[in-house]
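Breakdown of the fold
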Amino acid sequence: MTAVATSISRFYDSSIGKKILIALTGIVLVGFVIGHMIGNLLIFAGRDAINEYGHFLHTVGHGMGVWVARVVIFGSIILHVILTVQITKKNRASREQRYGVTHKDASSAASRTMILSGLTLLAFFIYHILHFTARAFNDYDTYKTMLHGEQVHDVYKMVIAGFSWAPASIFYIIAMVLLCTHLSHGVASMFQTLGLSNSKTRPLFQAIAGGFAAIILIGNCSIPIAIWLCGYGR
Amino acid sequence: MSLLNLTLKVWRQSSANAAGRFQDIEARDIPDHASFLEMMDIVNERLISKGEEPIAFDHDCREGICGMCSMVINGRPHGPEKTTTTCQLHMRKFKSGDTIYVEPFRAKSFPVIKDLAVDRSSFDEIQRAGGFVTVRTGSAIDANALPIGKEIADAAMDAAECIGCGACVAACPNASAMLFVSAKAGQLNSLPQGQPEKTRRTLGMVREMDAQGFGNCSNHYECEAACPKDISVDWISKLNRDYLCSAVVEKEAVAGGGGD
């Protein structure tokens with residue numbers, strides 16, 4: 001192996017190298033979560049607003065923009081999941097004999113359940129992609145509407161139809177609660193893992209992570225709640 | 001002075017590979033001004049006089065500075081008192097009638113030798129991998145020939161407080177040694193004397209930490225809460241930062257054939 005390849009493989013093999021990669025892929029996914037929420041909230045701006053946004057995503061960069069985003073997001077998710085599963089397995093192996101009594105002084109429920117919230121989110125992500133992106137096992141592909149004299153996919157109708165079905169809304173809300181706990185620990189952890197926090201700034205980063213997680217929870221859950229419980233658009 | 005009547009549930013394990021179990025031991029008439037280790041001594045004297053096997057546990061200075069005493073008491077390394085080692089924990093912190101669970105530090109990298117005594121030589125291996133400064137032997141340099149900022153000297157002193165007891169590993173849900181390694185590496189990485197070997201030290205100690213089978217830090221911060229010397233997780237942040245910089249610099253070191 002070349003010197004560079006050796007350095008990269010040593011970095012990947014090390015515990016801190018893995019965590020830095022988890023933090024960096026986490027930053028990509030945080031960016032995705034923000035953009036996804038802001039875009040989706042356009043549903044409250046009416047049918048044309050969200051349809052225009054959907055049409056823009058699929059046509060930007062001559063239709064390549066969406067594929068660039070998908071490759072980056074999918075790549076980040078795959079790396080993030082593989083790395084976290086690897087470190088979790090090593091963590092479990094590092095203490096073979098459990099304690100008879102445990103006492104928690106500092107860790108949070110969110111920090112101790114990262115792998116559970118994360119893997120549930122992965123399952124939700126796959127379901128969500130099949131539901132709204134691949135549009136498998138439904139007829140959403142046939143939803144078309146006219147926008148500025150052009151026939152486009154009717155995102156608005158699809159979202160209303162999707163969340164009118166209670167199980168879809170319930171799974172979505174559960175996933176968003178887990179996303180909230182995952183972000184509340186993960187976002188604060190990023191700063192620590194990248195070596196950017198100290199005892200002065202750590203409480204601030206933890207507050208930012210908590211606030212950010214709450215905003216994502218409220219913003220994303222407002223959509224299924226409005227449609228499923230309040231009848232918005234139905 | 002008042003006397004306490006306690007029920008101990010003590011982990012008994014005859015050797016590294018033997019199965020262990022909790023043994024119930026009634027500890028009657030324990031003076032409340034005894035230290036936790038003195039309470040264990042009293043219990044052991046009674047076990048010996050009854051012809052039973054005494055409880056094996058580690059201890060040395062009993063002044064809170066050597067890092068030898070260990071034990072997880074009611075789920076907390078070194079017991080319930082903040083910034084206090086087991087030897088400095090006093091029985092007045094307990095009430096008569098209490099049940100106290102006493103277990104060894106549990107980590108794959110700290111195998112049980114017997115009962116509550118564990119083998120912490122994995123920490124020595126990490127130190128050997130870079131936790132030192134190579135110095136020219138001979139006369140000491142002139143005073144003030146090497147200026148060190150007050151803040152840096154203070155910070156290095158804070159890290160140097162680490163007594164290497166292993167409570168951070170015992171408290172960590174992942175059995176990670178990051179607080180220990182970060183304090184030991186950070187102490188030297190902060191000082192001018194530590195700069196020439198900074199890259200080699202940081203990479204070497206982290207590699208050895210991983211090789212010894214410790215878990216990964218996932219920022220639970222249980223280590224900081226359990227540390228008898230109040231070592232801050234700021235050192236972990238610094239080690240992460242130093243590691244990232246060292247990993248980038250290492251490529252040059254390999255290509256250039258030396259010169260950390």
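Residues numbered from 1 in each chain as written. Chains lettered and ligands numbered in written order. Predicted model: local features only at pLDDT ≥ 70, side-chain atom pairs only at ≥ 80, totals over all residues.

Side note on the overall build of chain A
Spelled out, the test is: Note on conventions: DSSP H or I runs of at least 4 residues are helices, E runs of at least 2 residues are strands, and numbering of each starts at the N terminus. Burial is judged by counting the other C-beta atoms within 10 Å of a residue's own C-beta: 20 or more makes it buried, 12 or fewer makes it exposed, and any count in between marks it as partly exposed, with every C-beta position built from the backbone. By definition, residue pairs are in contact when their C-beta atoms, positioned from the backbone, come within 7 Å.
When its secondary structure is counted, chain A shows nine helices and two strands. Its helices and strands taken in sequence order, chain A reads α-α-α-α-α-α-β-β-α-α-α from the N to the C terminus. In terms of principal-axis extent, the alpha carbons of chain A reach across some 60 × 50 × 35 Å. Every one of the 234 residues in chain A was classed for burial, and the buried ones make up 28%. Contacts in chain A between residues far apart in sequence, at least 24 positions, make up 77% of those at least 6 positions apart.

Here we look at the sheet that holds strand S1 (residues 3–12) of chain B
Residue and element names in this part refer to chain B. Where we set the bar: DSSP-based pairing: two strands are paired if at least 2 bridges between them are found.
Judged by pairing direction, the sheet is mixed, and its five strands sit side by side in the order S2-S1-S5-S3-S4 without closing on themselves. The open sheet terminates on both sides in strands that have one partner only, identified here as strand S2 (21–31) and strand S4 (76–77). Relative to strand S5 (residues 99–103), S1 runs parallel, the two sharing four bridges. Opposite Leu8, over in S5, you have Ile100 as the bridge partner.

Description of the interface of chain B and chain A
So the rule is basically this: Ten residues, namely Ala, Val, Leu, Ile, Met, Phe, Trp, Tyr, Cys and Pro, are considered nonpolar, four, namely Asp, Glu, Lys and Arg, are considered charged, and the remaining ones, Gly among them, are considered polar.
Opposite the 43 residues of chain B that make contact, chain A presents 39 residues. When residues of the side of chain B that touches chain A are traced back to their parent elements, those giving at least two are S5, helix H6 (198–211), helix H7 (222–226) and helix H8 (234–256) of chain B. It is H8 of chain B that provides the largest number of residues to the side of chain B that touches chain A, a total of 13 residues. Residues of the side of chain B that touches chain A, tallied by class, amount to 17 nonpolar, 13 polar and 13 charged.

Examining the nonpolar core
Counted only if it meets this: For the purposes of this analysis, a nonpolar core is taken to be any set of buried Ala, Val, Leu, Ile, Met, Phe, Trp, Tyr and Cys residues that are connected through C-beta atoms within 7 Å. Where each domain begins and ends is defined by an automated method or by a domain database.
In terms of nonpolar packing, the biggest core is built from 87 residues, with Cys168, Val169, Leu179, Phe180, Val181 and Cys223 of chain B touching the most fellow members. No other element matches helix H8 (residues 166–193) of chain A, which puts 11 residues into this core. In terms of domain composition, this core takes at least three residues from each of domain 1 (3–113) and domain 2 (121–256) of chain B. With residues near it in sequence (within four places) discarded, Cys168 of chain B still touches Ala177, Leu179, Phe180, Cys223, Ala226 and Cys227 of chain B. Listed in part, the 12 residues of the second largest apolar core include Ile43, Met158, Val159 and Ile160 of chain A.

Overview of the packing of helix H2 (residues 15–40) of chain A against H8 of chain A
Residue and element names in this part refer to chain A. Cut-off, in case you're wondering: Lines fitted to the C-alpha atoms define the axes, with helices restricted to the stretch that makes contact. Angles between their N-to-C directions range from 0 to 180 degrees. In these notes the angle categories are as follows: under 35 degrees is roughly parallel, over 145 is roughly antiparallel, 65 to 115 is roughly perpendicular, and the rest is oblique. Rotating anticlockwise by less than a right angle from the far helix to the near helix defines a left-handed crossing, while the corresponding clockwise rotation defines a right-handed one.
In contact at an axis separation of 9 Å, H2 and H8 are set at 135° when each is read in the N-to-C sense. By the angle between their directions, the pair H2 and H8 is classed as oblique. Where H2 crosses over H8, the two elements pack in a sense that is left-handed. Together, Lys19, Ile20, Ala23, Gly26, Ile27 and Val30 of H2 and Gly186, Val187, Met190 and Thr193 of H8 make up the contact between the two elements. Looking at side-chain class alone, the contact of H2 with H8 contains six nonpolar, three polar and one charged residues.

Notes on the domain arrangement of chain B
How big an interface is tends to be reported as the loss of accessible area on association of its parts. All names here are of chain B. Looking at chain B, the domain boundaries give domain 1 (3–113) and domain 2 (121–256). On a C-alpha basis, the centroid separation for the pair domain 1 and domain 2 is 30 Å. Contacts between domain 1 and domain 2 engage 18 residues on the former and 17 residues on the latter. Its residues placed into classes, the side of domain 1 that touches domain 2 shows seven nonpolar, eight polar and three charged.

What about unusual backbone geometry?
All names here are of chain B. Although it is not a glycine, Asn219 adopts a positive phi angle of roughly 60°. Examined against the element boundaries, Asn219 turns out to sit in the loop between H6 and H7. Residue classification places Asn219 among the buried positions, given that 24 C-beta atoms sit within 10 Å. Of note in this structure, Asp230 is not a glycine but carries a positive phi near 60°. Within the fold, Asp230 resides in the loop between H7 and H8.

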